[in-house]
Structures are given as C-alpha cells and as structure tokens.
Amino acid sequence: MRLQAAIQGDLNALLKAELGAAERAVSAGIRAATDGLKTELRGQITGAGLGTRLANTWRGEVYPKGQPSIGAAGYVWSKAPGIVRLYAEGAVIRSKQGLFLAIPTPAAGRFGDGRRKITPGSWERIHGMRLRFVFRRGSPSLLVADNARLTKRGRAAANIGRRQGVAFTRLAGRTTVPLFILVPQVTVRKRLDVDGAAQKWIQAVPEKVLRYWYG
C-alpha cells in the first residue's frame, strides 16, 4: 500500500507539473500571437501612411489576466474601430445633406485640440469672417477667405491686428486664401487587411505554444 501510495503521489506531482507547464506554454503562446497580431496591424497602418496615432489605437490583451491558463485567449481591438473599418473595407463617403463634402486645406488649420478637422461653419465662428463660394467649371469648387492673412505656420486668419482704442488695425499682406475644397463624394480605397492578419496569427498559435512548451 505504501508503494502504491508513493507511486500515486509521484504520478500526481508529475501530472501537476505537466499541467503547470501546459498552462504556461499556452499563455505564453497566446501572448506571442496577440502581440504579433497587434504589431502587424500597427505596421499596416503606418505602412499605409495613416500615421502612428491611428496605429497606436490597436490594443491587445490576454485573458485571464495575471495568471497562466490552459484556456487562455487573446483579444486584439482598436480604440478607433470606425476609422479602421473604413480603411479595411473601403467606402464612398457622401455628404449627409446631399450637397458637398468640404475638404480643409492646410491653411484652414484644425480645432484647438489639434485632432479634429475643422468645418466651414466652425472656421467662420472662430475667425469672425464669412467664406465665399467660388465655382470652378471642370474642377472642384472652393470656399475662400477674402482679405485674410497667412500666419507663420501657413494658416489663414482674419486680417486684423491688436485693438487700438475702439477699432482694430488692418495688417498688410491681405490675400484671398482657399480654405476648403468642395467635392460631391470621396472614395476611400481598401488599405488594410485586418482579417488576413488575424487568420495568419490564429494559425500560428499551435507552433507558438509548442515552442514555449518544449523550448
């Protein structure tokens, strides 16, 4: 009985050690695949010229957190799913009002937070100027600012200086600046292959797990 108990004890210890090794290998393999997918998706975005800000919206996590498990799972997601889906599937964007899309030129600048693109209405409110519509036959029409000036950063601004008494001084260098290009629609072509990258790293999971188990 003692010999049988000793053998059973050794067997239980061996099984426990193997289970622990399996849990660590599965979790490590899932982590490697999760990080690999996240890195590849970030690389797709920067490679497509869409910038590091959008690329860094990709996140990855392995569950359960903080402990190895033979049932570990990885999850990769973007904090900007709408934008990612747009470039992953492609689309034709039209104005909701059925008119024109206003594409800002560099001279239009951005909102104060530097992230959102500015609109014609918001530009007029910020600068206290009305924009003028310029029709161009055979080319996109424009919204321009008359009697404006360009700042050192190349942004258009109202052509007024500091207050003197009750009036504003007018500055030299007044010009007409194109601020928005008006188009009926914009076609966004597919530039990302999210599904292809996901399938690639899902298929790589068994090899990753075995590498950590026997490595």
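Use the structure listed above.
Residues numbered from 1 in each chain as written. Predicted model: local features only at pLDDT ≥ 70, side-chain atom pairs only at ≥ 80, totals over all residues. Heavy atoms only, no water.

Engineer: An account of the overall build of the protein is requested, with residue identities and associated values reported.
Structural biologist: When its secondary structure is counted, the protein shows 6 helices and 11 strands. By the burial criterion, 31% of the 215 residues in the protein qualify as buried. Put simply, of all contacts in the protein between residues at least 6 apart along the chain, 62% involve residues at least 24 apart. On the protein, roughly 14600 Å² of surface is accessible, and the fraction owed to carbon and sulfur atoms is 55%. (Helix = DSSP H or I, 4+ residues; strand = E, 2+ residues; numbered from the N terminus. Buried < 20%, exposed > 50% of the residue type's maximum accessible area, 1.4 Å probe, protein only. Contact = heavy atoms within 4.5 Å. Areas by Shrake-Rupley, 256 points an atom, 1.4 Å probe, with all protein chains shown as cover.)

Engineer: Quick rundown of the pattern of salt bridges? Include the residues and the values.
Structural biologist: For the structure shown, the criterion picks out 6 salt bridges. Put simply, Glu40 and Lys200 hold a salt bridge, and the shortest N to O gap is 3.0 Å. One end of the pair, Glu40, is in helix H1 (residues 2–47); the other, Lys200, is in helix H5 (residues 194–203), and 160 residues separate them in sequence. Arg211 is the salt-bridge partner of Glu207, the closest N and O atoms lying 2.6 Å from each other. With Glu207 and Arg211 both in helix H6 (residues 205–214), this residue pair falls 4 residues apart, about one helical turn. Residues joined in a network through salt bridges with shared partners are Arg31, Asp35 and Glu61. (Salt bridge = Lys/Arg side-chain N within 4 Å of Asp/Glu carboxyl O.)

Engineer: Summarise the packing of aromatic side chains; cite the residues concerned and give the values.
Structural biologist: Under the defined criterion, the tally for this structure stands at 1 aromatic pair. Measuring from ring centre to ring centre gives 5.3 Å for Tyr75 and Trp77, while their planes differ by 15°; the resulting arrangement is stacked. A relative accessible area of 47% means that Tyr75 is categorised as partly exposed. (Phe/Tyr/Trp six-rings, centres within 6.5 Å; stacked < 30°, edge-to-face > 60°.)

Engineer: I'd love a proper account of the environment of Thr52, names of residues and values included.
Structural biologist: Positionally, Thr52 belongs in helix H2 (residues 52–55). Between the C-alpha atoms of Thr52 and Arg42, which are 10 residues apart in sequence, the distance is 7.8 Å.

Engineer: Give a description of the packing of H5 against H6 that names residues and reports values.
Structural biologist: A pair of packed helices is characterised by two quantities: the angle between their axes and the separation of those axes. One way to put it is that H5 packs onto H6 with a least axis distance of 4 Å and a crossing angle of 35°. Across from Trp201, Ile202 and Gln203 in H5, the residues of H6 making contact are Val205, Pro206 and Lys208. Taken together, the residues that form the contact of H5 with H6 break down as 4 nonpolar, 1 polar and 1 charged. (Axes fitted to C-alpha atoms, helices over the stretch in contact; angles between N-to-C directions. Nonpolar A, V, L, I, M, F, W, Y, C, P; charged D, E, K, R; others polar.)

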